[in-house]
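Spelled out, the chains give:
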Amino acid sequence: MLNTAVRDAVLRILPRIKTPAQYIGGERNSVAKDHRQVRGKLCLCFPDAYTIGMSHHGLQVLYTIMNDDPQWACERSFTPWMDFESELRHNRLPLYGLETFTPLSEFDVLGFSLQYEVSYTNLLTMLDLGGIPHFSRERRVSDPLVVAGGPGAQNPELLAPFVDLFVIGDGEESLPWVMEKWMRLKEEATRDGDYTHKRRSNMLAELVGSTTWAYAPEFYEFDYHADGTIAAVNRTRSDVPTEIASCTITQDLDDIPLPTKPVVSFVQTPHDRIAIEIMRGCPWQCRFCQSTVIKRPLRVRSVETIVQAALESYRNSGMNEISLLSLSSSDYPHFEELVKRMHEVFAPLGVNVSLPSLRVNHQLRSVPKLMQGWRRAGLTLAPEVARDDMREQIRKKIKNEDLIEGCREAFKEGMSHVKLYFLCGLPGERQVDLDGIVELAETISAVGKEATGRYKEVTASVSNFIPKPHTPYQWNGMQTREYFRWAGDYLHRQKTNRNVKIKQHDIETSLLEGILTRGDRCVSPGLYEAWKRGARMDGWKECFNAELWWQTFHDLNIDVDFYRTRQRPIGEKLPWDHVNVKKGRAYLEKEQERSVIQLKVMADAVATEGDGEGKGCGG
């Protein structure tokens, strides 16, 4: 059922818009259903630009699952770029689902994927343009249920005023359950003719009271100590859970359908390829990594399931590249068999297969030979740090020897360059750790000369470390602006090989992410006010206005350092403690205590090396 009035109005303004194809829908494999023939309507909302959202594998997975059920119509919506937002406002047009141009306000459920915190203002933009009340307390039964999931849901408190329901954990089973439950409750309210907020609130309470992994913030209140720390989290009604667990798929991963008819974008996207998830979870437990915490336990797909899904996706999309996804692809238990089977099936078709997220281990040395005959441009690896003692500290037990020799083999097999991901500002970081980043990158470039006769291009991409909720480092403070600036300058000064590039992530963006990641409901007014003042698309360098944010926090008397850089005592109640992801707080406390002991040993060991290198660096 096409909303022709909205469509025709949109088509009239598209000639004034950059990249209009992202706003018209109708892509290959998209599914447009007649809303009169379904029981409920869901729109998957990705709070970023179309090109980013269409590159997200999880959106394709949920879109396939929900549309495979004949009782639901599932559509997509993305944050419009500023030019299109302006035209929608000027022409008083709503943001809509791409499949039928239906305004967001007419859907039963809106499902937001929170992949990174700097997209939070985009969620507000989408609610506003969609004609949905900004605050949960203002919504009635006739308004869509606003649901959010993804990594951002691990600390739901910053968005608590705006989101009705957070789903913690895997979405493949939880989203269909929420849709079914909400529609039954909504149908009952409709029969009763009761559309009040009170009825909606009771519906929401019944929903979260029926499971363990759904969190409705309106039923929880925070008490604070005089110093601003949290004293207690109290339920406002007894029929909702005290603590929230994580939804974990109970089926075999092979039984969860892969999206073998992916929607094929009309426009170029960053990941313009078929994506196949081969494994969920990670066998390692790095202390800095939130993903390995929230994606436990480890679950794998069989080789044949992966190969057949990839083949079917290729036939349905025509794409000429397949990406095998996981947190650590080379830890897949049947890795060599999988790579050989993929080569056997896809090399004759001229389809390339990429292996992101390779782990640095002994197996890395064999990967380039396994990939003989495939198109090879470069190798991307994440050593995170460059010294063995710091790797012990973060619990990423890899060896420089494996990394260097793996790169040597890659260069011999025709790889043109290597990209390395590092972290800057980890707890206990020392000057020698920064030295190690440059030394390792320059060593790999030199290995390229040994293998091929010329230095190879190596990029060291340096991220500014942010202690994330539900990791052992969650009590640690984030480093300061001054430290990150000093560290970035230091890395550039140490570099001597012109074939090595040091790229540090934007510091101001990292600082904003730090407060949005670690804040509680007291920071929510700052988010809302920054959005009202014009904060948009903060993950994009050309859009991000750091001063707008810092001025807003200052005007509202929000102490950013209290949330961002303050070291929190291990006994302090954290904003996300009631959302117990996987192993829980006791495990994290034990890991943090071990970390503190190791840091002391590391500092003492480096101090004995002389030349003042034992001193901490930065601000």
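Higher on the page you've got the structure.
Quantities reported herein were computed from a predicted structural model and do not represent experimental measurements.

Q: Describe the packing of helix H6 (residues 171-192) against helix H7 (residues 197-209), listing the residues and the values that go with them.
A: Contact pair H6 / H7: the axes reach a minimum separation of 10 Å and the direction vectors enclose 145 degrees. Considering the relative orientation of H6 and H7, their crossing is right-handed. Every residue of H7 that contacts H6 at Trp177, Val178, Lys181, Trp182, Arg184, Leu185, Lys186, Glu188, Ala189 and Asp192 is listed here: Arg199, Arg200, Met203, Leu204, Glu206 and Leu207. When grouped by side-chain class, the residues that make up the contact of H6 with H7 number eight nonpolar, no polar and eight charged.

Q: If you had to explain the packing of aromatic side chains to someone new, which residues and values would you point to?
A: Under the defined criterion, the tally for this structure stands at 19 aromatic pairs. Plain terms: the ring middles of tyrosine 50 and phenylalanine 78 are 5.1 Å apart, the flat faces sit at 75 degrees to each other, and that makes the pair edge-to-face. Of this pair, tyrosine 50 sits in helix H2 (residues 50-53) while phenylalanine 78 is found in strand E2 (residues 72-78), placing the two residues 28 residues apart along the sequence. Considering the side-chain rings of tyrosine 528 and tryptophan 531, the 5.9 Å spacing of their centres and the 25 degrees angle between planes classify their relative orientation as stacked.

Q: Outline the packing of helix H4 (residues 82-90) against helix H5 (residues 120-129), supporting the account with residue identities and numerical values.
A: Look at H4 against H5: their axes get within 11 Å of each other, and the N-to-C directions meet at 25 degrees. Judged on the interaxial angle alone, H5 and H4 are roughly parallel. Crossing handedness for the pair H4 and H5: left-handed. Where H4 abuts H5, its residues Glu85, Leu88 and Arg89 lie against Thr125, Asp128 and Leu129. Looking at side-chain class alone, the contact of H4 with H5 contains two nonpolar, one polar and three charged residues.

Q: Report on the sheet that holds strand E16 (residues 457-464), specifying residues and quantitative values.
A: One open sheet holds the four strands; their spatial order is E14-E15-E16-E17, and the pairing between them is parallel. The two strands at the open ends of the sheet, each matched to only one other strand, are strand E14 (378-384) and strand E17 (500-504). Taking each pair of neighbouring strands and ignoring which way they run, the sheet shows an average axis angle of 20 degrees. Contacts between helix H14 (residues 431-452) and the sheet are confined to strand E15 (417-424), E16 and E17, with E15 contributing the most and set at about 175 degrees to the helix.

Q: I'd love a proper account of the sheet that holds strand E12 (residues 321-325), names of residues and values included.
A: The strand order across the open sheet formed by three strands is E9-E12-E13, and the pairing between neighbours is parallel. Across the chains shown, the open sheet's two edge strands, defined by having one partner strand only, are strand E9 (274-277) and strand E13 (352-354). Strand-to-strand twist across the sheet, computed as the mean angle between neighbouring axes with direction ignored, equals 25 degrees. Packing of helix H10 (residues 335-346) onto the sheet brings it into contact with E12 and E13, and relative to E12 it is tilted by some 165 degrees.

Q: I'd like to hear about the pairing of strand E1 (residues 40-46), residue by residue, with values.
A: Most of E1 is tucked away: seven of the seven residues are buried. Burial of the side chains of E1 extends over both faces: Gly40, Leu42, Leu44 and Phe46 are buried on one face and Lys41, Cys43 and Cys45 on the other. By the bridge criterion, seven bridges tie E1 to E2 in an arrangement that is parallel. Residue pairing for E2: lysine 41 is matched across the bridge by alanine 73. Pairing between E1 and strand E3 (residues 109-113): four bridges, direction parallel.

Calculation criteria
Residues numbered from 1 in each chain as written. Predicted model: local features only at pLDDT ≥ 70, side-chain atom pairs only at ≥ 80, totals over all residues. Heavy atoms only, no water. Axes fitted to C-alpha atoms, helices over the stretch in contact; angles between N-to-C directions. Helix = DSSP H or I, 4+ residues; strand = E, 2+ residues; numbered from the N terminus. Left-handed = near helix turned anticlockwise from the far one by under 90°. Contact = heavy atoms within 4.5 Å. Nonpolar A, V, L, I, M, F, W, Y, C, P; charged D, E, K, R; others polar. Phe/Tyr/Trp six-rings, centres within 6.5 Å; stacked < 30°, edge-to-face > 60°. Parallel < 35°, antiparallel > 145°, perpendicular 65-115°, else oblique. Pairing = 2+ DSSP bridges. Buried < 20%, exposed > 50% of the residue type's maximum accessible area, 1.4 Å probe, protein only.

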